[in-house]
Amino acid sequence: MKTLSTEDKNYLMGKIRDIPDFPKPGIVFKDITTLLRDPKAFGFLMDHLEDRYKEMEIDFIAGIDSRGFIFGAALADRLEKGFVPIRKQGKLPYTTIGEKYALEYGFDEIEIHIDAFESDKERPNVLLIDDLIATGGTATAAANLIEKSGAHCVEACFILGLNFLRGDRKLQKITSVYSVLEVD
Ligand code: AMP
């Protein structure tokens, strides 16, 4: 497996745009649309993800609503695996199971279809993917949901980790965590 050099990481990081005070004052929003619209950068990132996960025993790739769908679906196609969307509450049409998680104020909930990981295997392996990990609340709920549905979350993968928020700490209790890029 090829690891990315500092130069490679700087190249990808340079394609992500910072939007200060979005969606509210004090938040620096990491805008990955600038990376996606650049075919060379997007392809380079997908080559890296394909290389990292091609030898791993994975049955499904689950992407978190909504930017996790972009990377998750592209990777699932490259690895010839099934893709499963983990969606915000009320969006999936069939019978769902859900997991609530705490926000700064109140709660949010994510859901998957009850038969999302139906497979010949008793406990299929799932790679979880999202664009970014901040506090880790969303991804921890998603990993719990995967386990609750009878599958096994083998790793949670992010394009960018905001390390200073230490969101990986709680997630690491459930699964292995990998961020392609990190902000300290
Ligand atoms: P958290 O549950 O705090 O780890 O938040 C992760 C989710 O919120 C991911 O789905 C991200 O897409 C989104 N998110 C949180 N903070 C940011 C940020 N600074 N820039 C872009 N997306 C963010």
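Residues numbered from 1 in each chain as written. Predicted model: local features only at pLDDT ≥ 70, side-chain atom pairs only at ≥ 80, totals over all residues. Heavy atoms only, no water.

A. Here's a closer look at the site of the ligand. Neighbouring the ligand are 14 residues; Arg67, Asp131, Thr135, Gly136 and Thr138 lie closest to it. Contact between the ligand and arginine 67: an oxygen atom at 2.7 Å from a side-chain N or O atom of the residue. Side-chain polar atom of aspartate 130 to an oxygen atom of the ligand: 2.7 Å apart, as the coordinates give it. Burial of the ligand by the protein amounts to 82% of the accessible area it has alone, namely 480 Å². Using a 2 Å cut-off from the grid points, one finds that the ligand occupies the largest pocket. Top element by residues in the shell around the ligand is strand S7 (residues 125–133). It accounts for four residues. The class makeup of the residues in the shell around the ligand is six nonpolar, four polar and four charged. (Near = heavy atom within 4 Å. Polar contact = N/O pair within 3.5 Å; in protein donor to acceptor, adjacent residues only side chain to side chain. Areas by Shrake-Rupley, 256 points an atom, 1.4 Å probe, with all protein chains shown as cover. 1 Å grid on protein atoms, 1.4 Å probe; cavity = no way out; pocket = protein on both sides within 12 Å on 5 of 7 lines; lining within 4 Å. Sits in = over half its atoms within 2 Å of the grid points. Helix = DSSP H or I, 4+ residues; strand = E, 2+ residues; numbered from the N terminus. Nonpolar A, V, L, I, M, F, W, Y, C, P; charged D, E, K, R; others polar.)

B. Layout of the layout of surface pockets. Put simply, the largest pocket is a space of about 1300 Å³. Breaking the lining of the largest pocket down by element, the ones donating at least two residues are strand S2 (28–31), strand S5 (96–102), S7, helix H5 (137–148) and strand S8 (152–162). With six residues, H5 is the single largest residue contributor to the lining of the largest pocket. (Points joined across faces, edges and corners; volume = space filled by probe spheres on them.)

C. Expanded view of the packing of aromatic side chains. For the structure on display, the rule yields five aromatic pairs. Summarising the aromatic geometry, the rings of phenylalanine 42 and phenylalanine 71 are spaced 6.1 Å apart at their centres and angled 85° between planes, so their arrangement reads as edge-to-face. Here the residue phenylalanine 42 occupies a position in helix H3 (residues 39–53), and phenylalanine 71 occupies one in helix H4 (residues 67–79), the gap between them amounting to 29 residues. What makes phenylalanine 71 buried here is its relative accessible area of 0%. When the centroid spacing of 5.5 Å and the interplanar angle of 65° are considered together, the rings of phenylalanine 60 and phenylalanine 117 count as edge-to-face. Of this pair, phenylalanine 60 sits in strand S3 (residues 60–64) while phenylalanine 117 is found in the loop between strand S6 (107–113) and S7, placing the two residues 57 residues apart along the sequence. Judged on exposure class, the residue phenylalanine 60 and its partner phenylalanine 117 are both buried. In this structure, arginine 52 is placed above the aromatic ring of tyrosine 178, and the distance from its NZ or CZ to the ring centre is 3.6 Å. (Phe/Tyr/Trp six-rings, centres within 6.5 Å; stacked < 30°, edge-to-face > 60°. Buried < 20%, exposed > 50% of the residue type's maximum accessible area, 1.4 Å probe, protein only. Lys NZ or Arg CZ within 6 Å of the ring centre and 35° of its normal.)

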